[in-house]
Amino acid sequence: MKRPILAANWKMNNGPTAAKAFMSAFLENYQPPGDRTVIIFPPAVDLITVAAATAARTDVIAGIQNIHWAEKGAFTGEVSAMMAKDAGARIVLVGHSERRHVFGETDAQCAKKCLAAAKVQLPFMLCIGEKIEQREAGETEAVVMRQLREGLSQTPNLISAEFMIAYEPVWAIGTGLTASATDASAIHTLVRSELKQMIGTRANEIPILYGGSVSASNAAGLLAAPEVDGLLVGGASVEATSWLTIAQT
Ligand code: PGA
């Protein structure tokens with residue numbers, strides 16, 4: 001098994017004061033059961049706080065939830081890949097379902113964001129996943145394959161780029177519904193074989209995470225499923241005690 005990745009996506013929760021308290025509570029008690037990497041994706045305003053708290057570690061890193069594709073300029077409210085890196089981000093989420101479905105982010109924009117991250121050697125985690133109506137219409141495979149291919153289509157030297165994929169069925173995010181370990185495995189296997197078409201055996205090194213209502217009670221089962229290399233956790237990652245249990249799964 002690859003080094004498991006346990007990733008916390010706080011979304012718009014925990015400001016700098018809460019982030020500081022979270023990080024000290026978590027790091028004081030975190031006893032990694034083995035070889036794993038923990039990623040914390042806080043809101044951008046917390047990045048410096050989380051990066052400072054994890055500066056001495058290689059197994060707990062800070063990430064950013066979103067970037068703009070441009071290097072700089074008149075884009076009010078946005079943060080570039082280089083700025084995120086400068087503030088301590090060591091990875092960026094691209095195309096999270098809330099970015100796609102609340103803010104209207106397209107596959108083409110995701111592709112530009114992956115390119116922007118790769119250009120400054122900021123690893124990225126591309127999120128893909130189908131909506132409930134797409135699942136019910138039997139379109140799951142087509143949707144996730146399109147998001148995968150289009151999202152990665154602009155990244156130069158994909159074969160050597162540092163990236164991960166997160167499969168997050170939209171209907172499972174924040175709903176308490178989770179894909180079964182078998183269903184998650186089936187999609188992850190498809191993703192892996194598509195990646196093999198693109199980058200050959202390097203595909204075996206690309207972590208594929210599952211996300212969508214992961215909790216302390218279902219984390220172990222999902223993590224044990226074939227081709228599930230890690231978990232991306234929203235609601236259950238916002239509070240340190242709950243996150244500690246999952247990170248130590
Ligand atoms: P959830 O969110 O764990 O609250 O379902 C997951 C995510 O959106 O990354």
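One can find the structure itself at the top, above this paragraph.
Residues numbered from 1 in each chain as written. Predicted model: local features only at pLDDT ≥ 70, side-chain atom pairs only at ≥ 80, totals over all residues. Heavy atoms only, no water.

Caption draft 1: Seen up close, the side chain of Ser 97. On the secondary structure map, Ser 97 appears in helix α4 (residues 97-101). With residues near it in sequence (within four places) discarded, Ser 97 still touches Val 102, Val 170 and Ile 173. (Helix = DSSP H or I, 4+ residues; strand = E, 2+ residues; numbered from the N terminus. Contact = heavy atoms within 4.5 Å.)

Caption draft 2: Spotlight on the site of the ligand. In the region of the ligand, 14 residues are neighbours, and Lys 11, His 96, Glu 168, Gly 174 and Ser 213 sit closest. A distance of 2.7 Å is found between an oxygen atom of the ligand and a side-chain nitrogen or oxygen belonging to Lys 11. Gly 234 places a polar main-chain atom, nitrogen or oxygen, 2.8 Å from an oxygen atom of the ligand. Protein chains shield 96% of the accessible area of the ligand, which is 280 Å² for the free molecule. Along the lines of polarity and charge, the residues of the shell around the ligand split into 5 nonpolar, 7 polar and 2 charged. (Near = heavy atom within 4 Å. Polar contact = N/O pair within 3.5 Å; in protein donor to acceptor, adjacent residues only side chain to side chain. Areas by Shrake-Rupley, 256 points an atom, 1.4 Å probe, with all protein chains shown as cover. Nonpolar A, V, L, I, M, F, W, Y, C, P; charged D, E, K, R; others polar.)

Caption draft 3: A look at the sheet that holds strand β1 (residues 5-9). Spatially, β3-β2-β1-β8-β7-β6-β5-β4 is the arrangement adopted by the 8 strands of the open sheet, whose pairing is parallel. Taken across any chain shown, the strands that pair with only one partner, and hence form the sheet edges, are β3 (60-62) and β4 (92-94). The sheet shows a mean angle of 25° between the axes of neighbouring strands, direction not considered. Direction of pairing for strand β6 (residues 163-167) relative to strand β7 (residues 208-211): parallel, over a ladder of 3 bridges. Within β7, the residue paired with Ile 165 across the bridge is Ile 208. (Pairing = 2+ DSSP bridges. Axes fitted to C-alpha atoms, helices over the stretch in contact; angles between N-to-C directions.)

Caption draft 4: Expanded view of the state of the cysteines. Per the stated rule, a full pass over the model turns up 0 disulfides. A disulfide-free cysteine, Cys 114 has its sulfur positioned 6.7 Å from the sulfur of Cys 110, the nearest such atom. Under the relative-accessibility criterion, Cys 114 is labelled buried at 0%. Here Cys 127 is not disulfide-linked; the sulfur of Cys 110 is the nearest cysteine sulfur, at 8.6 Å. (Disulfide = S-S within 2.5 Å. Buried < 20%, exposed > 50% of the residue type's maximum accessible area, 1.4 Å probe, protein only.)

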